[in-house]
Amino acid sequence: MNGSTASGVDWDAVGKALPLLLEGFRVTLLATVLGTLVAAVLGLAVAIAGRAPSRFVTVPVRVLTEFVRSTPLLVQLVGAAALFPSVEPLTTGIVVLGIHYAAYTSEVYRAGIDSVPKGQWEACRALSLTPRRTWQAVILPQAVRNVLPALGNYAISMFKETPFLAVITVQEMVFEARKYGADHFAYTEAFTLAGLIFLIASCPTSLLMRKLEKRLGH
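Residues numbered from 1 in each chain as written. Predicted model: local features only at pLDDT ≥ 70, side-chain atom pairs only at ≥ 80, totals over all residues. Heavy atoms only, no water.

Between helix H1 (residues 11-49) and helix H7 (residues 173-184), whose axes approach to 7 Å, the crossing angle comes to 150°. Between H1 and H7, the angle falls in the class roughly antiparallel. Of the two elements, H1 crosses H7, and the hand of that crossing is right-handed. Between H1 and H7, the residues in contact are Ala13, Lys16, Ala17, Leu20, Leu21, Gly24, Phe25 and Thr28 and Met173, Glu176, Ala177 and Tyr180, respectively. When its residues are assigned to classes, the contact of H1 with H7 shows eight nonpolar, two polar and two charged. (Axes fitted to C-alpha atoms, helices over the stretch in contact; angles between N-to-C directions. Helix = DSSP H or I, 4+ residues; strand = E, 2+ residues; numbered from the N terminus. Parallel < 35°, antiparallel > 145°, perpendicular 65-115°, else oblique. Left-handed = near helix turned anticlockwise from the far one by under 90°. Contact = heavy atoms within 4.5 Å. Nonpolar A, V, L, I, M, F, W, Y, C, P; charged D, E, K, R; others polar.)

Looking now at the confidence of the model for the protein. Mean pLDDT over the protein works out to 88, with 94% of the residues at or above the 70 mark. Mean pLDDT across the elements of the protein bottoms out in helix H8 (residues 187-217) (82) and peaks in helix H3 (residues 73-83) (96). (pLDDT = per-residue confidence, 0-100.)

Now for the packing of aromatic side chains. As enumerated under the stated definition, the model contains seven aromatic pairs in all. Judged by centre distance (6.2 Å) and plane angle (15°), the rings of tyrosine 187 and phenylalanine 191 are stacked. Here tyrosine 187 and its partner phenylalanine 191 are both found in helix H8, four residues apart, which amounts to about one turn of the helix. In this structure phenylalanine 191 comes out as partly exposed when scored by relative accessible area, which is 33%. Taken together, Phe25, Phe159 and Phe198 form an aromatic cluster joined through their ring pairs. (Phe/Tyr/Trp six-rings, centres within 6.5 Å; stacked < 30°, edge-to-face > 60°. Buried < 20%, exposed > 50% of the residue type's maximum accessible area, 1.4 Å probe, protein only.)

With that settled, consider the packing of helix H4 (residues 89-114) against helix H6 (residues 131-161). Orientation of H4 relative to H6, taken along the N-to-C sense of each, is 140°, at an axis distance of 8 Å. Between H4 and H6, the angle is such that the two are oblique. H4 and H6 meet at a crossing whose hand is right-handed. In contact with Leu97, Tyr101, Tyr104, Thr105, Val108, Tyr109, Gly112 and Ile113 of H4, H6 contributes Trp135, Ile139, Ala143, Val144, Asn146, Val147, Ala150, Leu151, Tyr154, Ser157, Met158 and Glu161.

Turning our attention to helix H2 (residues 55-70). Compared with the 22 Å implied by 1.5 Å per residue over 16 residues, the 22 Å span of H2 between its first and last C-alpha is a close match. Every buried residue belonging to H2 is among Thr58, Thr65 and Val68, and all of these are buried. One face of H2 carries all of its buried residues, which in axial projection span an arc of 100°. Every exposed residue of H2 that faces more than 90 degrees away from the buried side is listed here: Arg55, Phe56, Val63, Leu64, Phe67 and Ser70. Buried-residue contacts for H2 involve H1, H3 and H4. Measuring from the backbone nitrogen of phenylalanine 56 back to the side-chain oxygen at the start of H2 gives 3.2 Å, which picks out serine 54 as the cap. (Expected span 1.5 Å × (residues − 1). Arc of directions from axis to C-beta. Polar contact = N/O pair within 3.5 Å; in protein donor to acceptor, adjacent residues only side chain to side chain.)

Moving on, we come to the pattern of salt bridges. In the structure shown here, the tally under the stated rule is seven salt bridges. When the shortest N-O distance is used, the salt bridge between arginine 26 and glutamate 23 registers 2.9 Å. Of the two residues, arginine 26 and glutamate 23 are both situated in helix H1; the distance of three residues between them amounts to about one turn of the helix. Taking relative accessible area as the criterion, arginine 26 reaches 45% and is therefore assigned partly exposed. Residue arginine 110 pairs with glutamate 107 through a salt bridge whose shortest N-O separation is 3.0 Å. (Salt bridge = Lys/Arg side-chain N within 4 Å of Asp/Glu carboxyl O.)

Here it is in C-alpha cells:
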C-alpha cells in the first residue's frame, strides 16, 4: 500500500523525493550565487569599457553584448558545452549564466553611472583625481547604490532560469525531479515539489528586493 490519498498525491513519493530535490536545490543555489557574482563583476567591466574613449574598445564590446542578448540562453549553454566538452558541466553553466546576465547588468550599471550628476565628475577633475580614484571613490559607490534593486531582480531571474542547466546534464533541482519522476513514475509529485521549493525560495527574495527598491528610492 502506498501513501496516496483521495487527492491522488503519493506522499511516500514526496517524502522520498524531497532529499534528492534539496540536494539539487543546493546545486541550483550554487549556480545562482556564483553566476550572479560573475554577472555583477563582468557587467560592471563591460559598462566601464563601453565608456572608453577608443572605438577599438567600445565597438567590439557593443557587438559582443548585443550578440549575447540576441542569443537564447539555451543555445549558449549547448554551444558552450559542445565547444568545451572537457569542462565540468556545472562550471560551464555558471560561466554561461554569468556572461548571459552580464550583458543585461551592464546596461543596469550604465544607467546607474549616467545617473550620477555631472557635477560629481567635474568636482573630481577640479580636485585632479586620477580616473581610477574617481571611479573607486566617487562614481561607483553612487552608481551601485542606485542599481542594487535591479541587480537583485536579475539574480532572481537567473535563479528561475537554472532549470536550463539540465540540458547540459547539471544535476540541479529540475534535473533531479525529472530523474526521480522517471525512476518512480511520480512526475506530478516530483515537479510539484520542485515548483514549491522554487516558490518558497524566490518569493521572500522578491519581496526583499521591492522593499530595498522603495527604501533606496526615498
